[in-house]
Amino acid sequence: MTVPRIDPFHAMTISALAHELAGEGRSIIHMEFGQPSTGAPRAAIERAQHVLATDPMGYWESQALKARIARHYHDSYGVTLAPDQVILTCGASPALVLAVTVSFVPGARVAMARPGYVAYRNVLRALHMEPVEIACGEAERFQISAQAIAALDPAPDGLILASPANPTGTILSAGEMQAIIAVCRARGIRIISDEIYHGLSYGEPAHSVLEYDPQALVVNSFSKYFSMAPWRLGWLVVPPEKVEAARARMGNLFLTPAALSQHAALVAFDCKAELDGHLATYRRNRDLLLKALPEMGLTHIAPPDGAFYIYADIRHLTDDSIGFCTQLLRDTGVTTAPGVDFDPVDGRHFIRFSFAVSTDLIEEAIRRMVPWFRAQAEKARNAPHTA
């Protein structure tokens, strides 16, 4: 068995260039990562400062935090969990690794939407599993469907769901999620649901897969809604029969999450007013971009129902999204993510904007990008066409 090849995360390369240009004195606006520009809630920071000054800490798993997360599922989704079903992790990425390794063996085939988060396919490959990517375009609202899963032959061993999704922000309706679960149950397909963007919706709230399938595994994190990405704290919900296996993997692979982050996260749950204020900012940013996109000639986008992304079709301008994002950065100082990170087949025709920054930066980015995109469209119209 050979060591599997893992594709690079191209947005990180572009981000590195952005930081290099910033070091040269350029004004840079970072819209390449799904990273809130706000910090952790004020009360969470105050708690962390107190703990840092008074507690030497150590390897630790907060039972109070696990109980609080379990209560969150009851309050938000009407789902009853035992606190032991919550495995605290060092962010959502280790939670994904735990979910995959506790559910599947090497050689397993796991389906997912394409476009989708770059780590899904690369984590599977690194663990000697096979990603089965289902093309989801504009006609499908860039989301996976029960019909597509039913059509897979043979049936995959697993399915990774994401709602709201990255890079598109699309949300599955309750009806479609239930239909997907029914197909998976009938075909013996284990579901892993990435719910890291829950709490960030602009219409109907996203449903948790646990409302309909108690055997599913759920990945979540404090990075997005809670605005705590640098604190590297997440969790995995597992069914009771997988608790022991998940705990064994967490302890051996990652030990425990940072104690300081756990103290802060427990307080963050009680900061809803402040966190919902961030959501109001994202909504304003989303509205500004949706208004500006037609001026930029970008009329085909995934519907941003949630998260803080817009995934836009730029095929009329380029078939090289990496080069396009690089040139956009060099010319305007606006950093974006190329679609090939999320879709190795058709992503060369797409670009992802993150609007998780402050509104003034969104406004400045629009001022820079509108004339630039118009100029690119003019170049494309005047370019010689070959047969």
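Since the model is a prediction, treat every value here as computed from it, not as a measurement.

Undergrad: Give me the lowdown on empty space enclosed by the protein, citing residues and values where you can.
TA: If you roll a probe as big as a water molecule over the atoms, it shows you where there is empty space left. Counted by the stated rule, this structure contains one cavity of 30 Å³ or more. Looking at the largest cavity, its volume works out to about 110 Å³. For the lining of the largest cavity, the secondary structure elements donating two or more residues are β3 (109-114) and β5 (158-162). Broken down by element, the lining of the largest cavity gets its largest block of residues, three residues, from β5.

Undergrad: Give me the lowdown on the packing of aromatic side chains, citing residues and values where you can.
TA: Here the structure, examined in full by the defined rule, presents 20 aromatic pairs. Between F142 and F350, the ring centres sit 6.0 Å apart and the planes meet at 80°, which makes this aromatic pair edge-to-face. Residue F142 is located in the loop between β4 (130-135) and α6 (146-150), and its partner F350 is located in strand β12 (residues 350-354); the two are separated by 208 residues in the primary sequence. Here F350 falls in the buried class, since its relative accessible area comes to 6%. Aromatic side chains Y311 and F350 sit 4.8 Å apart centroid to centroid with 5° between the ring planes, which places their arrangement in the stacked category. Of this pair, Y311 sits in strand β9 (residues 309-313) while F350 sits in strand β12, and the two are 39 residues apart along the sequence. Its relative accessible area of 1% is what places Y311 among the buried residues. Within the aromatic cluster, the residues linked to one another by ring pairs are F222, Y225, F226, W235 and F269.

Undergrad: Lay out the sheet that holds strand β2 (residues 86-89) in plain terms, naming residues and giving numbers.
TA: Within a beta sheet, neighbouring strands are joined by backbone hydrogen bonds and run either parallel or antiparallel to one another. With respect to topology, seven strands assemble into an open sheet ordered β2-β8-β7-β6-β5-β3-β4, the strand pairing being mixed. What marks the edges here is a single partner per strand, and that holds for β2 and β4. The mean angle between the axes of side-by-side strands here comes to 20°, regardless of whether they run parallel or antiparallel. As judged from the two bridges shared by β3 and β5, these two strands associate in the parallel manner. Within β5, the residue paired with V110 across the bridge is G158.

Undergrad: Provide a residue-level description of the side chain of H278, including the pertinent values.
TA: Here H278 is to be found in helix α10 (residues 272-292). On the basis of relative accessible area, H278 is assigned to the buried category, the value being 12%. Those residues in contact with H278 that sit more than four places away from it in its chain are T38, G39 and S227.

Undergrad: Which residues make up unusual backbone geometry, and what values go with them?
TA: Look at the link from R114 to P115: it is a cis peptide, with omega at 15°. Within the fold, P115 resides in the loop between β3 and α5 (118-126). Of note, the bond from S163 into P164 is cis; its omega dihedral lies within 30 degrees of zero at 0°. Along the polypeptide, P164 turns up in the loop between β5 and α7 (174-187). For H128, which is not glycine, the phi torsion reads 60° and is therefore positive. Counting through the fold element by element, H128 comes out in the loop between α5 and β4. Unlike most non-glycine residues, L255 shows phi in positive territory, near 60°. With respect to the helices and strands, the residue L255 is situated in the loop between α8 (243-254) and α9 (259-268). Given a relative accessible area of 44%, L255 falls into the partly exposed group.

Undergrad: So what's going on with the pairing of strand β6 (residues 190-194)? Residues and values would help.
TA: Where burial is concerned, most of β6 is hidden: four out of the five residues are buried. With three bridges connecting them, β6 and strand β7 (residues 217-221) associate as parallel partners. In the sheet register, D194 faces β7, and the bridge partner there is V219.

Undergrad: Tell me about the nonpolar core, and please be specific about residues and values.
TA: With 120 residues, the main nonpolar core has Y73, F222, F353 and F373 as its most contacted residues. With eight residues, the top contributor of residues to this core is helix α4 (residues 92-103). Among the nonpolar cores identified, the runner-up in size contains seven residues, and F142, A302, A337 and F350 belong to it.

Undergrad: Please give an account of the packing of helix α1 (residues 10-23) against helix α11 (residues 321-332) that cites residues and values.
TA: Two packed helices can be described by the angle between their axes and the distance between those axes. As a packed pair, α1 and α11 sit with axes 10 Å apart at the nearest point and diverge in direction by 15°. By the angle class used here, α1 and α11 are roughly parallel. The interaxial crossing formed by α1 with α11 has right-handed handedness. Contacts between α1 and α11 involve H10, I14, L17, A18 and L21 from the former and I322, C325, T326, L329 and R330 from the latter. Taken together, the residues that form the contact of α1 with α11 break down as seven nonpolar, two polar and one charged.

Undergrad: Describe the sheet that holds β9, with residues and values.
TA: Here we have three strands laid out as an open sheet, ordered β9-β12-β11, and antiparallel in their pairing. Looking at which strands have only one partner, the edges of the open sheet turn out to be β9 and β11 (337-338). Of the strand pairs in this sheet, β9 and β12 are connected by five bridges, and their pairing is antiparallel. Paired with Y309 across the two strands is S354, which belongs to β12.

Undergrad: Give a description of helix α3 (residues 63-77) that names residues and reports values.
TA: Its 15 residues place the ends of α3 21 Å apart at the C-alpha level, agreeing with the 21 Å of an ideal helix rising 1.5 Å per residue. Among the residues making up α3, those that are buried are L65, K66, R68, I69, A70, H72, Y73 and Y77. Each element contacted by the buried residues of α3 is listed here: β2, β7, β8 (234-237), α8 and α9. At the C-terminal side of α3, G78 shows a positive phi close to 70°.

Rules used throughout
- Residues numbered from 1 in each chain as written.
- Predicted model: local features only at pLDDT ≥ 70, side-chain atom pairs only at ≥ 80, totals over all residues.
- Heavy atoms only, no water.
- 1 Å grid on protein atoms, 1.4 Å probe; cavity = no way out; pocket = protein on both sides within 12 Å on 5 of 7 lines; lining within 4 Å.
- Points joined across faces, edges and corners; volume = space filled by probe spheres on them.
- Helix = DSSP H or I, 4+ residues; strand = E, 2+ residues; numbered from the N terminus.
- Phe/Tyr/Trp six-rings, centres within 6.5 Å; stacked < 30°, edge-to-face > 60°.
- Buried < 20%, exposed > 50% of the residue type's maximum accessible area, 1.4 Å probe, protein only.
- Pairing = 2+ DSSP bridges.
- Axes fitted to C-alpha atoms, helices over the stretch in contact; angles between N-to-C directions.
- Contact = heavy atoms within 4.5 Å.
- Core = buried A, V, L, I, M, F, W, Y, C linked by side-chain atoms within 4.5 Å.
- Parallel < 35°, antiparallel > 145°, perpendicular 65-115°, else oblique.
- Left-handed = near helix turned anticlockwise from the far one by under 90°.
- Nonpolar A, V, L, I, M, F, W, Y, C, P; charged D, E, K, R; others polar.
- Expected span 1.5 Å × (residues − 1).

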